[in-house]
Amino acid sequence: MGLLDGVLGNASKIDAAKVQQEFQQVLAPNEKVEHAYQLIRDYFVFTDKRLVLVDKQGVTGSKVEYHSIPYKSITHFSIETGGTFDMDAELNIWISGTAVPFKKQFNKKLSIYEVQSVLAAYVLR
């Protein structure tokens, strides 16, 4: 991921095996990281059981919040593809009990269709 992409708030795909090792203490037994994306210092991780949002806080990023969302709690989601002038794509996910979705932006190097497909595979079981 380029520094400019991080500053602009765009997510980029990162190696799932690296995240699997780094998050071993957070994962349930036999839970497998399928896909992971990074937004500056924060991650969102798709496992075979849930979506984990990782919020690194503070200047050093030593304080970390892990927000776990079971796929069954996701009520719906949408994608907005990049256009002619606005090249960034956006993913919106609504969680039961919340009125406002959380949003993540993706740069043109990352296929929003891939992310949507991964999410759909787990939510639509």
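All of these numbers come straight from a predicted model, not from anything done at the bench.

K.L.:
Could you give me a rundown of the packing of aromatic side chains, with the residues and numbers involved?
P.N.:
Enumeration according to the criterion identifies 6 aromatic pairs in this entry. On the numbers, 4.6 Å between centres and 10° between planes, the contact of Tyr71 with Tyr122 is stacked. A residue pair is termed long-range when its members are at least 10 positions apart, and Tyr71 in the loop between β5 (63–70) and β6 (74–80) and Tyr122 in helix α3 (residues 112–123) qualify at 51 residues. Both residues of the pair, Tyr71 and Tyr122, belong to the buried class. An aromatic cluster is defined as three or more aromatic residues linked by ring pairs; in this entry it consists of Phe23, Tyr43 and Tyr66.

K.L.:
Summarise the side chain of Glu31; cite the residues concerned and give the values.
P.N.:
Looking at the secondary structure, you find Glu31 in the loop between α2 (16–22) and β2 (33–39). Given a relative accessible area of 3%, Glu31 falls into the buried group.

K.L.:
Summarise the confidence of the model for the protein; cite the residues concerned and give the values.
P.N.:
Summary statistics for the protein give a mean pLDDT of 82 and a share of 84% for residues scoring 70 or more. Within the protein, the element-level pLDDT minimum falls on helix α1 (residues 3–8), averaging 42, and the maximum on α2, averaging 93. Across residues 1–9, confidence stays below pLDDT 50; counting only partners more than four residues off in sequence or on other chains, it has 13 contacts.

K.L.:
Could you give an account of the pattern of salt bridges, with specific residues and numbers?
P.N.:
This model, assessed by the stated rule, comprises 2 salt bridges. Two residues, Glu22 and Lys56, come together in a salt bridge whose shortest N-O distance is 3.9 Å. On the criterion of sequence distance, the pair formed by Glu22 in helix α2 and Lys56 in strand β4 (residues 50–57) is long-range, its members being 34 residues apart. Judged by relative accessible area, Glu22 falls into the partly exposed class, the value being 37%. Where Glu31 meets Arg50, a salt bridge forms, and the shortest distance between an N and an O atom there is 2.7 Å. In this pair, Glu31 is assigned in the loop between α2 and β2 and Arg50 in strand β4, connecting sequence segments 19 residues apart.

K.L.:
Account for the nonpolar core, with residues named and values stated.
P.N.:
Of all hydrophobic cores here, the largest spans 20 residues; its most connected members are Phe46, Leu51, Tyr71, Ile74 and Leu119. At the level of elements, β3 (42–47), β4, β7 (89–95), β8 (102–106) and α3 are the ones that each hand at least two residues to this core. Examining the composition of this core, we find that 6 residues originate from one element, α3, more than from any other. Beyond its immediate sequence surroundings of up to four residues, Phe46 is in contact with Lys32, Val33, Glu34, His35, Tyr37, Leu51, Tyr71, Val115, Val118 and Leu119.

What counts and how
Residues numbered from 1 in each chain as written. Predicted model: local features only at pLDDT ≥ 70, side-chain atom pairs only at ≥ 80, totals over all residues. Heavy atoms only, no water. Phe/Tyr/Trp six-rings, centres within 6.5 Å; stacked < 30°, edge-to-face > 60°. Helix = DSSP H or I, 4+ residues; strand = E, 2+ residues; numbered from the N terminus. Buried < 20%, exposed > 50% of the residue type's maximum accessible area, 1.4 Å probe, protein only. pLDDT = per-residue confidence, 0-100. Contact = heavy atoms within 4.5 Å. Salt bridge = Lys/Arg side-chain N within 4 Å of Asp/Glu carboxyl O. Core = buried A, V, L, I, M, F, W, Y, C linked by side-chain atoms within 4.5 Å.

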